[in-house]
Each structure stands twice: as C-alpha cells, then as structure tokens.
Amino acid sequence: MTRRSPTLNEVARLAGVSPSAVSRTFTVGASVADKTRAKVLQAAELIGYRPNLLARSLSRQRSGTVGIAVTRLENSFNSLLLEELATALQRVGLGCRLIVTGDRDAVDVRIEEVLQHQIDVLVLCAVNLSSRIEEECAAIGVPVVMVNRITPGVGRSARAIAIVGSNEEGGRVVADHLAEAGHRSFAFIAGSADASNSREREAGFIAGLAKSGLPAPIVETGHYTFNGAMDATRTILNTVNRPDALFCANDHMALAAITVAQTEFGLSVGKDISIVGFDDSPAARFGAGLTSFSQPASLMAEEAARNIIALLGGNRTEDGLFVVPGSLKIRGSSRPANP
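Residues numbered from 1 in each chain as written. Predicted model: local features only at pLDDT ≥ 70, side-chain atom pairs only at ≥ 80, totals over all residues. Heavy atoms only, no water.

Draft legend 1. Region of the structure containing the sheet that holds strand S1 (residues 65-71). Taken in spatial order, the six strands of this open sheet run S2-S1-S3-S4-S5-S11, and their pairing is parallel. For this open sheet the edge positions go to strand S2 (95-101) and strand S11 (321-324), each flanked by a neighbour on one side alone. The average angle at which neighbouring strand axes cross in this sheet is 15°, direction not considered. The pairing of S1 with strand S3 (residues 121-125) spans five bridges and is classified as parallel. In the strand pairing of S3, valine 70 is matched with cysteine 125. Running at roughly 175° to S1, helix H5 (residues 76-91) makes contact with S1, S2, S3 and strand S4 (144-147) of the sheet. (Pairing = 2+ DSSP bridges. Helix = DSSP H or I, 4+ residues; strand = E, 2+ residues; numbered from the N terminus. Axes fitted to C-alpha atoms, helices over the stretch in contact; angles between N-to-C directions. Contact = heavy atoms within 4.5 Å.)

Draft legend 2. Structural view of the sheet that holds strand S12 (residues 328-329). Spatially, six strands are ordered S7-S6-S8-S9-S10-S12 in an open sheet, and the strand pairing comes out mixed. This sheet does not close on itself; its edge strands, each paired only once, are strand S7 (218-221) and S12. Relative to S12, strand S10 (residues 291-294) runs antiparallel, the two being bridged by two bridges. Across the sheet, the residue bridging to phenylalanine 293 is leucine 328, located in S12. Taken strand by strand, helix H11 (residues 251-263) contacts strand S6 (186-190), strand S8 (245-248), strand S9 (274-279) and S10, and its axis lies near 160° from that of S9.

Draft legend 3. Layout of the nonpolar core. Grouped together as the largest cluster of nonpolar side chains are 42 residues, with contacts concentrated most on Val174, Phe205, Leu246, Ile273 and Ile275. When residues of this core are traced back to their parent elements, those giving at least two are helix H8 (167-180), S6, helix H9 (196-211), helix H10 (226-237), S8, H11 and S9. Counting residues per element, this core draws most heavily on H11, which supplies eight residues. Setting aside anything within four residues of it in sequence, one finds phenylalanine 205 in contact with Gly171, Arg172, Val174, Ala175, Leu178, Phe186, Ala187, Phe188, Pro217 and Phe247. (Core = buried A, V, L, I, M, F, W, Y, C linked by side-chain atoms within 4.5 Å. Buried < 20%, exposed > 50% of the residue type's maximum accessible area, 1.4 Å probe, protein only.)

Draft legend 4. Representation of the packing of H5 against helix H13 (residues 297-312) within the structure. Put simply, H5 and H13 touch, their axes get as near as 8 Å, and they point 40° apart. Looking at the two axes, H5 sits oblique to H13. Crossing of H5 over H13 shows right-handed handedness. The residues of H13 that touch H5, namely those facing Phe77, Leu80, Leu81, Glu84, Leu85, Ala88, Leu89 and Arg91, are Ala297, Ser298, Met300, Ala301, Glu302, Ala304, Ala305 and Ile308. Here the contact of H5 with H13 is built from residues that sort into twelve nonpolar, one polar and three charged. (Parallel < 35°, antiparallel > 145°, perpendicular 65-115°, else oblique. Left-handed = near helix turned anticlockwise from the far one by under 90°. Nonpolar A, V, L, I, M, F, W, Y, C, P; charged D, E, K, R; others polar.)

Draft legend 5. Region of interest: helix H3 (residues 34-47). A rise of 1.5 Å per residue sets the reference length of H3, with its 14 residues, at 20 Å; its end C-alpha atoms lie 20 Å apart and thus fit the reference within 8%. Positive backbone phi, at 75°, marks glycine 48, one or two positions downstream of H3. (Expected span 1.5 Å × (residues − 1).)

Draft legend 6. Main features of unusual backbone geometry. For asparagine 148, which is not a glycine, the phi torsion comes out positive at approximately 65°. One can find asparagine 148 in the loop between S4 and strand S5 (160-165). Positive phi outside glycine occurs at aspartate 280, with the angle close to 55°. Tracing the sequence through the fold places aspartate 280 in the loop between S9 and helix H12 (282-288).

Draft legend 7. Here's a closer look at the environment of serine 292. Along the polypeptide, serine 292 turns up in strand S10. Look at serine 292 and you get buried, because its relative accessible area is 0%. Distance in space between the C-alpha atoms of serine 292 and valine 174 is 8.3 Å, their sequence separation being 118 residues. With near-sequence residues (within four places) excluded, serine 292 lies in contact with Asp251, Val276, Gly277, Phe278, Asp279, Asp280, Ser327, Leu328, Lys329 and Arg331. For serine 292, the side chain forms a polar contact with the main-chain nitrogen of aspartate 280, separated by 2.8 Å. (Polar contact = N/O pair within 3.5 Å; in protein donor to acceptor, adjacent residues only side chain to side chain.)

Draft legend 8. Molecular detail of the packing of H10 against H11. As a packed pair, H10 and H11 sit with axes 8 Å apart at the nearest point and diverge in direction by 50°. For the element pair H10 / H11, the angle class is oblique. Seen along the crossing, H10 lies across H11 with a hand that is right-handed. Residue-level inspection shows Phe226, Ala229, Met230, Thr233, Arg234 and Leu237 of H10 in contact with H11, the latter providing His252, Met253, Leu255, Ala256, Ala257, Thr259, Val260 and Ala261. For the contact of H10 with H11, a count of residues per class yields ten nonpolar, three polar and one charged.

In structure tokens, the structure reads:
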C-alpha cells in the first residue's frame, strides 16, 4: 500500500494555524509573521510535507528539476553551498541535476548537455555566466540564478538574477580589523581577474585601507586554487619589505597562505603575520582558527530557493540582485586590536 503524502491542512492542524497561513509560508513574497513561519516549517518538517511544486510544474510541461553548475569542490565553502542549495530546493519539492566543472569554457559544454534534460532553472554556483549561455537559456525560457558570482547586467536583466555575499563591505571590514591591530603593510591574494566576488573584495579592502590613511596592498593572484595561493604567498613573503598582514579572497587560499607562512618561512601566524580569509568555511571554523568574513551559505541557499519559486511562478521581482549580509569572525590567525 502506497503511503499517502501529508497535506497542507494537516500541517495547519499540527502547527495550530490556518491553512492560509501555511500557504503564505510557502509563497514567495507573501506576508507571514516570523513566529508563524517557524511553527509551519517545524510542522512541515515533522510530518514530511513538501509543497506540490512538481505536480504544478508538470502541468506546465516542467520537469521540477533545477540544474546546478558548480566549480572547485575542493573548496569546502563551495561544497557546503552546494549541499545547502540542494537541501533548500528539496524542501520546496524541487530536484537537482549537478554539473561539476573546472572553468568557464567547460561550463558552456556541460550546460549544453544538461539543457537537453528539460531543467526549469539553471543555477550557477560560483561560476561565471557567459553571454552564449545567457542567450541560449533565454531562447528556451530557462531562467538563470547566479549564486556567489555576478556578471555585468545580471540583476537588471530579465534573463538572470544573482545572490551574492557582502563582498565590498567585507573587504572594508577586514581592512578596519587589520588597521586596528596595528598593521601598516598589506597584501591581497586575488581569486581570478574574471571573478566579480574577488574584484569586489579587493576594492573594499583597498578603500578601507585608504580610509585609514594606509597604503594599498601588494596584489598577487592565486586563481582560487591551493597551489596558486601557495605560489602567490611565496612571492609576497619574499619581497624586500615583507607585509605583515595578508587578506585572501577566500578561505581556501588563506589556508594555503598559512601553510606557506608557517612551514616555509617559519612565521607565527597571528603574531608575526596576520592572515584573513573570506567565506567562514567549515575549514576555517574547525581546526584552522582562521579569521574570516562570513558568507552564510544557508541564507544564500534559502534566498536562491525563494527566487527560483518566484521565477517558476512568473513572479520575478524587479530588483534581481540580492546581497546577503555577513560579519567578521575573528580567530587566532590575526592579531587582536591594539588596546
């Protein structure tokens, strides 16, 4: 005997709210009190209720499947973000088709393959959007959602939206933290030239240093890879006037910088040199003691899921750029502020 799926009315009874309150909870943009939302979500999770989005999508000749393109899964933040995205989409009744790629050119090839499988929305997770893919997706009516990356026109274009972290603000906050710790010589390890998040973090960092009357940092590129960041760190630490503070465009590269500073140069990280990352990844939080500006992966994923539901319902908001707030998590890899 097939088990009957829980209904909206059963969720309402368990949560002690009206069926309309349950409906509003699962409707993007609908007004519902935080306390009510929490009760509904808890009840839905308890009895395994999922909004019947798949059935609705099939009635419109949709598959109920979201394609997710992701790169560099060796970066623990990207892996976490992918997990959170898949969980958030599953929670609203949508399936995922995964495309793992290493660079933008490969994205074009693999996405072409996935588009043949009737995906409803394409999510680019820390992957650039090429004009070719944007045009092809628009031609077949597949909306694009960018997470942790943005390209020119996204947010203003009807074709794509973006969910990003507080990149420039994070760079400025890191600059303030290092200035307050008494640092006067700086370096920045960038991700890649075509990565919007890296450019924005660098711009915020430079602006923050300038505001404090401090010099611009030495800049090297780590290409968002561990080995690339190790090479960039060696170049920085071999300079005549070695910087005593290093900001990396993500935690993955900051961990590489710590490895080089400690093992190859004998530096005490957090004393001889401060090293700061960006993401507040699991690797930063557990064991590494890395100071990092956070990007809440769960919030980014929930924002992406809400927007995907809106796109499927034809309710795209006018402002297609969503910035998720973050904060600096200070740990042992950076000096504390001077008293």
